[in-house]
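For reference, the chains in residue letters:
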Amino acid sequence: MAIAEDLEIAAFLKGQPKKLFIGGRWVEAASGKTFETLNPATGEVLAKVAEGGADDIDRAVAAARASFDRGTWRDLPPSERAKVLWQVGDMIEERATEFAQLETLDNGMPINDALLFHAPLAAATFRYYAGWVTKLDGATQQISLPGNYLSYTLREPIGVVGQIIPWNFPLLMAAWKIAPALACGNSVVLKPSEETPLSALLLAELLQEAELPAGVLNVVPGRGETAGARLAAHPDVDKIAFTGSTEVGKLIAKASAESNLKRVSLELGGKSPNIVFADADLTKAVSGVFFGIFFNQGQVCSAGSRLFVQEKVYDQALDQLVQTVKEARIGPGIDPVTQMGPLVSKTQMERVLGYIRTGSQEGARLLAGGHRPGGLDSGYFVEPTVFADVDGKMRIAREEIFGPVVAAIPFSDEDDLVAKANSTIYGLVAGVWTENVSRAHRVAHALKAGTVYVNCYHIVDAVTPWGGYKQSGWGRELGPYALDLYTELKNVIVDIS
Ligand code: NAD
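Along each chain, residue indices are assigned from 1 in the same order as the chain's sequence is written. Confidence filtering applies because this is a predicted model: local features only for residues at pLDDT of at least 70, side-chain atom pairs given and counted only at 80 or more, and all residues used for totals across whole chains, interfaces and linings. No hydrogens and no water enter the side-chain calculation; it runs on all heavy atoms of the structure.

S.K.: Would you mind going over helix H5 (residues 111–132) with me for this structure?
M.R.: For the α-helix, the turn length of 3.6 residues means that residues three or four positions removed from each other point alike. Counting from the N terminus, the helices are DSSP H or I runs at least four residues long and the strands are E runs at least two residues long. Working rule for helices: expected span equals 1.5 Å times residues minus one. The end-to-end C-alpha distance of H5, which contains 22 residues, comes to 31 Å, matching closely the 32 Å that a straight helix rising 1.5 Å per residue would cover. A residue's bend is given by the angle between axes fitted to the 7 residues ending at it and the 7 residues starting at it. Of all the bends in H5, the greatest reaches close to 25 degrees and is centred on His118; the proline Pro120 follows between one and four positions later.

S.K.: Mind showing me how you'd approach the sheet that holds strand E20 (residues 487–495) here?
M.R.: Only strands that DSSP links by at least two bridges are regarded as paired with each other. In space, the three strands of this open sheet follow the order E5-E6-E20, with antiparallel pairing throughout. For this open sheet the edge positions go to strand E5 (140–141) and E20, each flanked by a neighbour on one side alone.

S.K.: Would you mind showing me how to read the packing of helix H3 (residues 78–94) against helix H7 (residues 198–209) here?
M.R.: Two numbers describe a pair of packed helices, the interaxial angle and the distance between the axes. Angular values range over 0 to 180 degrees, each being the angle between N-to-C directions of two axes fitted as lines to C-alpha atoms, with helices fitted over their stretch in contact. Here H3 crosses H7 at 130 degrees, and the two axes come no closer than 10 Å. By the angle between their axes, H3 is oblique relative to H7. Relative to H7, H3 is oriented so that their crossing is right-handed. Two secondary-structure elements touch here, H3 through Val88, Met91 and Ile92 and H7 through Leu203, Leu206, Leu207 and Glu209. For this scheme, ten residues count as nonpolar: Ala, Val, Leu, Ile, Met, Phe, Trp, Tyr, Cys and Pro. Four count as charged, namely Asp, Glu, Lys and Arg, and the remainder, Gly too, count as polar. Looking at side-chain class alone, the contact of H3 with H7 contains six nonpolar, no polar and one charged residues. An angle counts as roughly parallel when it lies under 35 degrees, as roughly antiparallel when it exceeds 145, as roughly perpendicular when it falls between 65 and 115, and as oblique in every other case. By definition, turning the near helix anticlockwise from the far helix through less than a right angle yields a left-handed crossing, and turning it clockwise yields a right-handed one. Whether two residues are in contact is decided by their heavy atoms: any pair within 4.5 Å suffices.

S.K.: Even after reading the chapter, I still don't get the packing of aromatic side chains, so can you show me in this structure?
M.R.: Where two aromatic rings form a pair, the distance of their centres and the angle of their planes describe that pair. Geometry of aromatic contacts follows a simple scheme: Phe, Tyr and Trp rings, the Trp one being its six-membered ring, pair when their centres are within 6.5 Å, and the pair is stacked under 30 degrees between planes, edge-to-face over 60, tilted otherwise. What the rule picks out here adds up to ten aromatic pairs. Among the aromatic residues, those joined into a cluster by ring pairs are Phe117, Phe169, Phe291 and Phe295. Throughout this description, the term charge over a ring refers to an Arg CZ or Lys NZ atom that lies within 6 Å of the ring centre and within 35 degrees of the ring normal. The ring of Phe68 has Arg74 lying over it, and the distance from NZ or CZ to the ring centre is 4.3 Å.

S.K.: Whenever I open this one, the pattern of salt bridges confuses me. Can you help?
M.R.: Here the idea is simple: oppositely charged side chains can pair when their charged atoms come close. Only one rule defines a salt bridge in this text: a Lys or Arg side-chain nitrogen within 4 Å of an Asp or Glu carboxyl oxygen. Enumeration over the complete set of coordinates arrives at 25 salt bridges. Notably, a salt bridge pairs Arg263 with Glu488, separated by 2.7 Å at the nearest N-O pair. Remark: Glu488 occurs in strand E20 and Arg263 occurs in strand E11 (residues 263–267); sequence separation between them is 225 residues. The residue Arg439 makes a salt bridge to Glu414 at a minimum N-O spacing of 2.8 Å. Of this pair, Arg439 sits in helix H15 (residues 437–446) while Glu414 sits in helix H14 (residues 414–421), and the two are 25 residues apart along the sequence. Among the charged side chains, a network of salt bridges with common partners joins Arg65, Asp69, Asp236 and Asp238.

S.K.: Honestly, a nonpolar patch on the surface in this entry has me stumped. Any pointers?
M.R.: Think of a patch as exposed residues, more than 30% relative accessible area, with no salt bridge, where like charges cluster within 9 Å and nonpolar side chains (Val, Leu, Ile, Met, Phe, Trp, Tyr) cluster within 5 Å. Only the protein chains shown count as cover for residues, with accessible areas throughout obtained via the Shrake-Rupley method and a probe of 1.4 Å. A grouping of Ile143, Leu145, Tyr149 and Ile493 is seen on the molecular surface, where their side chains present a nonpolar patch of about 370 Å² in accessible area. Considering the arrangement of structural elements, one finds Ile493 in strand E20.

S.K.: Please explain unusual backbone geometry as it appears in this structure.
M.R.: Backbone geometry follows two general trends: most residues other than glycine have a negative phi, and most peptide bonds adopt the trans configuration. Along the chain, Gln16 connects to Pro17 via a cis peptide bond; the corresponding omega equals -10 degrees. If you trace the backbone, Pro17 turns up in the loop between helix H1 (10–14) and strand E1 (20–22).

S.K.: Please clarify how the environment of Pro213 should be interpreted in this entry.
M.R.: Looking at the element boundaries, Pro213 is found in the loop between H7 and strand E9 (217–219). C-alpha separation for the pair Pro213 and Gly23, spaced 190 residues apart in sequence, amounts to 8.9 Å. For Pro213, the residues in contact, after removing those within four places along its chain, are Thr72 and Trp73.

S.K.: So what exactly am I meant to see when it comes to the domain arrangement of the protein here?
M.R.: Frequently, the measure chosen for interface size is the accessible area removed from exposure when the parts meet. Boundary definitions for the domains trace back to an automatic or database domain assignment. Parsing the protein into structural domains produces domain 1 (10–268) and domain 2 (273–462). Of the residues lining the interface, 31 residues belong to domain 1; the matching set on domain 2 comes to 30 residues. Across the domain 1/domain 2 interface, buried area totals approximately 2,200 Å², and carbon plus sulfur atoms make up 64% of it. Defined in terms of a 1.4 Å probe, buried area is the accessible area two parts forfeit on being brought together, summed over both. When residues of domain 1 are sorted by the area they lose upon contact with domain 2, Pro40, Pro110 and Trp167 head the list and together hold 23% of the total. For the interface between domain 1 and domain 2, the tally reads zero salt bridges. Pairs of N or O atoms are called polar contacts if they sit within 3.5 Å, as long as, within protein, a hydrogen donor faces a hydrogen acceptor (for residues adjacent in sequence, only side-chain-to-side-chain pairs). On the surface where domain 1 and domain 2 come into contact, there are five residue pairs in polar contact (both at pLDDT 80 or more). At the level of elements, helix H4 (96–107) and H5 are the ones that each hand at least two residues to the side of domain 1 that touches domain 2. Per-element accounting of the side of domain 1 that touches domain 2 gives the leading share, ten residues, to H5. Taken together, the residues that form the side of domain 1 that touches domain 2 break down as 16 nonpolar, twelve polar and three charged.

Rendered as structure tokens:
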């Protein structure tokens, strides 16, 4: 395990194997098993982590239940709970370099992305929801029936919340899940991805330091089919919040239906259109197209993986994109000059290379990339890849690749574009590049997507709703919208005649 001594995160990584966080204590897995998490830039073992299984999930759910029933968190004065969450935001900011190094080593992402985007946004999410703790108000209703009634609503925590997150943005996904759930007074069991469990464990350390009462947050790294499946099916979990693939999202919904009809929210996959009209500022649009697909090596649910370009500027836009791709700096994420790091794992790299082969076999024209870059053989790198002349029926235009591969499709006019862009099972985001303000709004209204970016891409803030149409999910995270995901609405009606 080669961990550079001068990294700020070295001390955390030395304390191994990392344990599960259950009931306010750091514990071994009941089975005694551990698993290895790798540095995808080198293929070396980064850390050993206790492997939570069904028994550990049961322990964690029992701890969460006990803390919830005792009211150790939900019954604290709201301003006290707000203080804890605000403090965690501050602590993430203070330790941003450690978090950034950990994300880069575990996931592969460029260190500057981790430092400038992931850590600050995670801190901002805790602060944003700290603000909501004192504002979870109800409303009063005017009743028209004969008599005299006082009717009002209360927002109450749901209870024990299970949360399952993916590997692409480990810290950020943990923050998006934990902060609103705790703000609403719930107790939580979080299962991070087996590929990237480390930043959630460091976050649990911070919440422990901030004196969150024991049992209110439990973090159990483990595999999806064991720990994840148990959490989704657990009869004493009141709500499950899942971010991951559409395929597993369906299993989560099924497990909920077959156990206790626990509340379910789902943030799933995407195949988002990024659309360049002939009247766009082409230089800006091409740089937005590059960022839209290649940020985080394309491992983004909202990646602009289907590139629609109006015929008039199709060749020009693709020429410029290929030029930008050729200049991309690929390397280990820990090197500050790196623009694109490795994919998260060997499996993911092979999956993406498989899709690239499929694209060529289906007859798409490979304009750039398509291979593992030379000189980086020990890591899981894939070149940024551009396919042109893609047909909407091809698999590379329909299926989520979750890697640095963009499929370019020409279109003639707005009607042609809207039909093609909406022709997908997904509906997470869309990007529109045009200088015509009427067209921008018209197309934004016609696209079936949870977010439409106009002349920008991947802009996400703690205040903006996040979620998808169609098979991209159920519900909206972030902003005040997440409060609906983590509260039950109670109506109290009193006869006051
Ligand atoms: P995944 O669905 O394979 O795994 C996600 C999580 O689910 C992991 O923690 C995994 O251990 C767990 N899991 C796997 N099988 C399970 C099962 N049978 N029961 C319960 N849990 C199980 O997804 P991934 O490969 O980690 O992440 C990539 C996917 O996540 C992509 O499809 C991407 O679009 C999606 N994603 C969506 C959003 C969003 O906000 N919509 C954000 C990030 C990622």
